[in-house]
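Reading the structure
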Amino acid sequence: MINEDLMTVKELHAGGKLHWRLIFRIVVLCIYSISFLGIASYHFFADDLHFFVATGVFAAGFLLGLFFISRMFGIYWDEKRGVIMTGKVDVFGFCMILFYIAIRFWINNILDFMLHPGVIKLSGLAFCLIAGIMIGRFLGTIRAVQQAHARTKHLTSL
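First things first, this report covers the structure right here in the doc. What you see is a predicted model, and the numbers here were worked out from it, not measured in a lab.

1. Points about the overall build of the chain
For the chain, the count of helices and strands is five helices and two strands. Reading the chain from its N end, one meets helices and strands in the order α-α-α-β-β-α-α. For the chain, buried positions account for 40% of its 158 residues. If you take every contact in the chain between residues at least 6 apart in sequence, the share linking residues at least 24 apart comes to 81%. In the structure as shown, the chain presents an accessible area of about 9400 Å², 71% of it carried by carbon and sulfur atoms.

Here is the structure:
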């Protein structure tokens, strides 16, 4: 299913049927997904997170990203241009990276000193959640493109 969706996006891109903002969003979400998955993996091993808790938090983030957050910015067919378009350019992921740096600095320098060294596990779980959200957003966007393409193909065949 995912492979078919990715192939559809590739074919649409090759045919010039995707707006540049949508292509940019897909590339950025792919980069963010890989980056946050790497960050979450680092925290999983470095902070010695519990496997089932980290996996549960990641799964919750994935479902949240797939079903809710990926639908925040609409993907639709533009009749005038003949391309699949998107709303705003993605800023959410960039803000997440800045948020990560700020939280990581704050936890390492303030909370670890004032509270307890084990508080760092909280940031590890937070980035398991963010990694799940980013991967869910990426796959949700790919599916939305494929569904928009299927709707336009259905409308043109009538």
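Let's pick the thread back up.
2. Overview of the packing of aromatic side chains
Counted under the stated rule, the structure contains three aromatic pairs. Centroid distance F44 to F45: 5.0 Å. Interplanar angle 80°. Geometry classified as edge-to-face. F44 gets classed as partly exposed once you look at its relative accessible area, which sits at 22%. Judged by centre distance (6.3 Å) and plane angle (75°), the rings of F44 and F51 are edge-to-face. Given a relative accessible area of 47%, F51 falls into the partly exposed group.

So, how was this worked out
Residues numbered from 1 in each chain as written. Predicted model: local features only at pLDDT ≥ 70, side-chain atom pairs only at ≥ 80, totals over all residues. Heavy atoms only, no water. Helix = DSSP H or I, 4+ residues; strand = E, 2+ residues; numbered from the N terminus. Buried < 20%, exposed > 50% of the residue type's maximum accessible area, 1.4 Å probe, protein only. Contact = heavy atoms within 4.5 Å. Areas by Shrake-Rupley, 256 points an atom, 1.4 Å probe, with all protein chains shown as cover. Phe/Tyr/Trp six-rings, centres within 6.5 Å; stacked < 30°, edge-to-face > 60°.

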